Amino acid sequence: MELNHRVTDGVNVLELSGRFDAYEVPTVVKWFDAHPDIVNVIVNLSGVGFIDSSGLSTLVKGLKRCRQNGGDLHLCGLQQPVLIIFELTRLDKAFSIFADEAAARAAFKPVEG
Amino acid sequence: MRIALVSTYPPGKGSLNEYAFHFVSHLRRKPEVSEVLILADDLPDGLSYPADDAAPGLAPLRIRPSWRFGEWNNATRIQQAVKDVQPDVVLLNLQFATFADRRVQGALGLLSPWLVKSTGPVTVVLLHNIMETVDLGKAGFGGNALIEGITRVAGNVFTRMLLQADMVAVTIPKYVDILTSKYGAEHVVLAPHGAFEELPEPAYALPDGPLQIMTFGKFGTYKKVEALIEAFERLQQSQKQPLELVIAGTDSPNTPGYLANVQQRYAQVENVRYTGYVEEIDVPRIFQEAAVVVFPYNSTTGSSGVLHQAGSYGKAVVLPDLGDFAELIRDEGYTGEFFEPDDPVSMAASIARFIDDPDYRRRVGEHNFVVASGLPISEVVDWYLLHFERLLNQRRSAALTVSQEAN
């Protein structure tokens with residue numbers, strides 16, 4: 001799996017591609033571990049065709065981290081097989097999911113001050 | 001968040017007690033949890049639950065005996081206990097035979113989620129099996145075809161009662177499909193079972209002495225050891241190296257005396273060791289010493305905690321070729337050797353493939369360790385907390401809307 005990180009309009013964007021499973025999660029876990037103070041993140045899953053419970057769990061941990069820091073983790077670009085897994089686990093109700101990055105970015109509350 | 005868990009719990013020996021133990025130990029470490037209350041079953045004379053625990057760094061834990069296996073009034077007792085402790089969330093850790101081994105008492109206990117919800121807290125059921133996939137005879141609810149038919153119809157009714165909870169979690173995707181399509185339920189979620197321990201890379205070396213073939217669980221209903229002992233007898237005849245069969249665990253509460261009968265019936269088979277109840281502290285050793293872990297099941301009632309434990313210890317596993325079980329292996333990524341259920345010849349052949357090829361045995365063990373490590377129960381607990389928070393927020397939003405409309 002490949003992970004590309006960039007900052008667009010002040011928001012961290014993680015672009016993932018490939019299988020997001022038990023063998024691949026360490027890449028993403030490492031990124032979150034290296035950014036303990038992360039607040040707002042968009043995870044773009046448009047290049048991910050398969051996700052398992054380990055992948056989901058990594059996103060749950062990322063979401064918790066962002067919310068503990070007063071922010072949120074938005075998902076975008078979910079392919080149908082990935083969306084089905086989110087629906088099966090009802091995690092689609094726990095995450096904010098958007099069609100594309102622009103919508104995911106627009107949904108972040110503006111930072112005050 | 002104050003969370004009550006309705007469940008069996010150690011030192012109680014009812015099914016799902018180990019799951020509850022591990023779930024609670026991780027729940028208490030989560031910062032969003034302020035207190036954990038266990039509404040457990042009454043213990044036999046001479047046993048008692050640990051005292052209230054307020055260890056630093058952990059959410060306080062209180063255990064209150066609130067129901068008794070086999071009794072008629074468990075649902076109302078649990079409802080009263082929930083009223084007394086007033087938690088924010090109640091999680092019921094259930095299977096169909098949690099409350100009794102008799103149909104009526106067992107079914108009445110399954111009214112608990114509905115009664116609990118009526119008292120106010122967010123109510124979530126973790127359902128380890130569903131009526132549609134339980135072989136009633138093998139689960140201890142057998143009888144003639146008419147009685148089984150009536151039991152199944154009643155099971156449908158009581159499944160609808162369970163579905164009155166705010167959320168029902170199951171551990172196999174197929175269960176979500178069945179509950180969604182058959183009952184029209186839209187609040188059923190798939191939640192992984194999770195591995196009990198977060199262990200370091202296991203030592204794959206085995207102790208000196210005979211190669212141990214181990215099975216672990218509560219036996220007598222759908223976990224039966226007769227075919228395994230017969231398979232072991234065959235292996236002892238065909239294998240050159242010394243072997244030992246370790247039957248680790250006790251009778252299922254539904255089949256008291258089962259293992260004693262088996263032991264008597266197969267007394268002539270040498271090198272079989274019956275451990276009796278395995279204390280929590282001895283579980284790692286039992287798994288670590290085993291070369292192969294066998295699952296002598298002839299039906300399935302859900303995901304297997306033992307499979308996750310075996311994976312955690314990097315063990316090669318020998319599994320029945322049952323629909324749900326095979327599906328679980330595929331879904332969760334475990335691998336092993338399969339046998340025809342209740343067939344000693346097939347089982348012996350599957351075990352022999354691991355005995356004959358230590359490299360293959362180790363590769364399968366390493367693979368299972370990676371899979372088991374993939375999702376420890378501590379992370380599964382996070383999924384539940386996320387859902388609890390979501391349901392509590394829904395409640396608050398609904399209450400706010402009602403309040404605004406009233407004004």
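Summary of the structure given here. (Residues numbered from 1 in each chain as written. Chains lettered and ligands numbered in written order. Predicted model: local features only at pLDDT ≥ 70, side-chain atom pairs only at ≥ 80, totals over all residues. Heavy atoms only, no water.)

Below, the discussion takes up the overall build of chain A. For chain A, the count of helices and strands is four helices and five strands. In sequence order, the secondary structure elements of chain A are arranged as β-β-α-β-α-β-α-β-α. Here the C-alpha radius of gyration of chain A, 13 Å, is about what a compact globule of 113 residues would show, namely 13 Å. Expressed along its principal axes, the backbone C-alpha trace of chain A runs to roughly 40 × 25 × 20 Å. Across the 113 residues in chain A, those meeting the buried criterion constitute 47%. A separation threshold of at least 6 residues defines the contact pool for chain A, and within that pool the share at least 24 residues apart is 69%. Where the 11 positive side-chain charges of chain A centre and where its 14 negative ones centre are 6 Å apart. (Helix = DSSP H or I, 4+ residues; strand = E, 2+ residues; numbered from the N terminus. Rg over C-alpha atoms; globule rule 2.2 N^0.38 Å. Buried < 20%, exposed > 50% of the residue type's maximum accessible area, 1.4 Å probe, protein only. Contact = heavy atoms within 4.5 Å. Lys, Arg positive; Asp, Glu negative; His and termini not counted. Charge placed at Lys NZ, Arg CZ, Asp CG, Glu CD.)

Right, let's get into the overall build of chain B. Counting secondary structure elements, chain B contains 15 helices and 13 strands. A compact globule built from 407 residues should have a C-alpha radius of gyration of about 22 Å, and chain B, at 22 Å, falls within 12% of that. Restricting to contacts in chain B with at least 6 residues of sequence separation, those with at least 24 account for 75%. For chain B, the exposed surface amounts to about 16,400 Å²; the carbon and sulfur share of it is 52%. Considering chain B, the positive charge centre built from 35 side chains and the negative charge centre built from 49 side chains are found 4 Å apart. (Areas by Shrake-Rupley, 256 points an atom, 1.4 Å probe, with all protein chains shown as cover.)

Here the focus is helix H13 (residues 344-356) of chain B. Residue and element names in this part refer to chain B. Given a rise of 1.5 Å per residue, 13 residues ought to cover 18 Å, and the 18 Å separating the end C-alpha atoms of H13 matches this to within 8%. Taken residue by residue, H13 has Pro-344, Ser-346, Met-347, Ala-348, Ser-350, Ile-351, Ala-352, Phe-354 and Ile-355 as its buried positions. The backbone nitrogen of Val-345 has a side-chain oxygen 3.0 Å away, supplied by the residue at the start of H13, namely Asp-343. (Expected span 1.5 Å × (residues − 1). Polar contact = N/O pair within 3.5 Å; in protein donor to acceptor, adjacent residues only side chain to side chain.)

Once that is clear, we can look at the sheet that holds strand S4 (residues 89-94) of chain B. Residue and element names in this part refer to chain B. Pairing in this open sheet of seven strands is parallel, and the strands run S3-S2-S1-S4-S5-S6-S7 from one edge to the other. The open sheet has two free edges, formed respectively by strand S3 (61-67) and strand S7 (188-190), since each of these has just one partner strand. Across the sheet, the mean angle separating the axes of adjacent strands is 25° when strand polarity is ignored. Bridge count for strand S5 (residues 122-127) against strand S6 (residues 167-170) is three bridges, and the pairing is parallel. Among the inter-strand pairings, Leu-126 is bridged to a residue of S6, identified as Ala-169. Contacts from helix H15 (residues 377-406) reach strand S1 (2-6), S4, S5, S6 and S7, with the element oriented near 150° to S5. (Pairing = 2+ DSSP bridges. Axes fitted to C-alpha atoms, helices over the stretch in contact; angles between N-to-C directions.)

Interfaces are frequently sized by the accessible area removed from exposure as the parts join. Contact with chain A, which involves 18 residues of that partner, is made by 24 residues of chain B. Of the roughly 1,700 Å² buried between chain A and chain B on both sides combined, carbon and sulfur atoms contribute 64%. At the junction of chain A and chain B, the tally comes to three salt bridges. Lys-61 of chain A is the partner of Glu-379 of chain B in a salt bridge, and the nearest nitrogen-oxygen pair spans 2.9 Å. The interface formed by chain A and chain B holds eight residue pairs in polar contact (both at pLDDT 80 or more) in total. For the side of chain A that touches chain B, the leading source of residues is helix H2 (residues 53-68) of chain A, giving ten residues. Residue classes in the side of chain A that touches chain B are distributed as eight nonpolar, five polar and five charged. (Buried area = accessible area lost by both parts, 1.4 Å probe. Salt bridge = Lys/Arg side-chain N within 4 Å of Asp/Glu carboxyl O. Nonpolar A, V, L, I, M, F, W, Y, C, P; charged D, E, K, R; others polar.)

The next thing to look at is unusual backbone geometry. Trans is the common state for peptide bonds, and a negative phi is the common state for residues other than glycine. The omega torsion of the bond from Pro-10 of chain B to Pro-11 of chain B falls at 10°, within 30 degrees of zero and hence cis. In this structure, Pro-11 of chain B sits in the loop between S1 and helix H1 (17-27). We note that Asp-9 of chain A has phi near 50°; this positive angle belongs to a residue other than glycine. Classification of Asp-9 of chain A by relative accessible area gives exposed; the value is 65%. Non-glycine residue Leu-16 of chain B carries a positive phi angle of around 80°. Judged by its relative accessible area of 15%, Leu-16 of chain B falls in the buried class.

In regular strands, side chains alternate between the two faces of the sheet. Residues and elements named next belong to chain A. Bridge count for strand S1 (residues 2-8) against strand S2 (residues 11-20) is seven bridges, and the pairing is antiparallel. Directly across from Asn-4, in S2, lies its bridge partner Glu-15. Between the end of S1 and the start of S2, which pair antiparallel, lie two residues, with Asp-9 showing a positive phi angle near 50°.

Structurally, Leu-88 of chain A is set in helix H3 (residues 80-88). We classify Leu-88 of chain A as buried; its relative accessible area is 18%. Spatially, the C-alpha atoms of Leu-88 of chain A and Lys-64 of chain A are 20 Å apart, while their sequence positions differ by 24 residues. The residues contacting Leu-88 of chain A, other than those within four sequence positions of it, are Pro-173, Val-176, Asp-177, Val-188, Val-189 and Leu-190 of chain B.

Residue and element names in this part refer to chain A. Strand order in this open sheet of five strands is S1-S2-S3-S4-S5, and the pairing throughout is mixed. This sheet does not close on itself; its edge strands, each paired only once, are S1 and strand S5 (96-98). Put simply, the sheet's adjacent strands are angled 25° from each other on average, direction ignored. In this structure, strand S4 (residues 72-76) lies alongside S5, joined through three bridges in parallel fashion. In the strand pairing of S5, His-74 is matched with Ser-96. Of the strands in this sheet, S1, S2, strand S3 (40-51) and S4 touch helix H1 (residues 25-34), which is tilted by about 165° from S2. Packed onto the sheet, H2 meets S2, S3 and S4 and runs at close to 140° relative to S4.

Residues and elements named next belong to chain B. Contact geometry for helix H8 (residues 226-238) and H13: axes closest at 8 Å, N-to-C directions at 55°. Our classification of the angle between H8 and H13 gives oblique. Viewed along their axes, H8 and H13 form a crossing whose handedness is right-handed. Judged by residue contacts, Ala-227, Leu-228, Glu-230, Ala-231, Arg-234 and Leu-235 of H8 engage Pro-344, Val-345, Met-347, Ala-348, Ile-351, Ala-352 and Ile-355 from H13. Of the residues belonging to the contact of H8 with H13, the class tally is eleven nonpolar, no polar and two charged. (Parallel < 35°, antiparallel > 145°, perpendicular 65-115°, else oblique. Left-handed = near helix turned anticlockwise from the far one by under 90°.)

Purely spatial values, then, with no claim about function.
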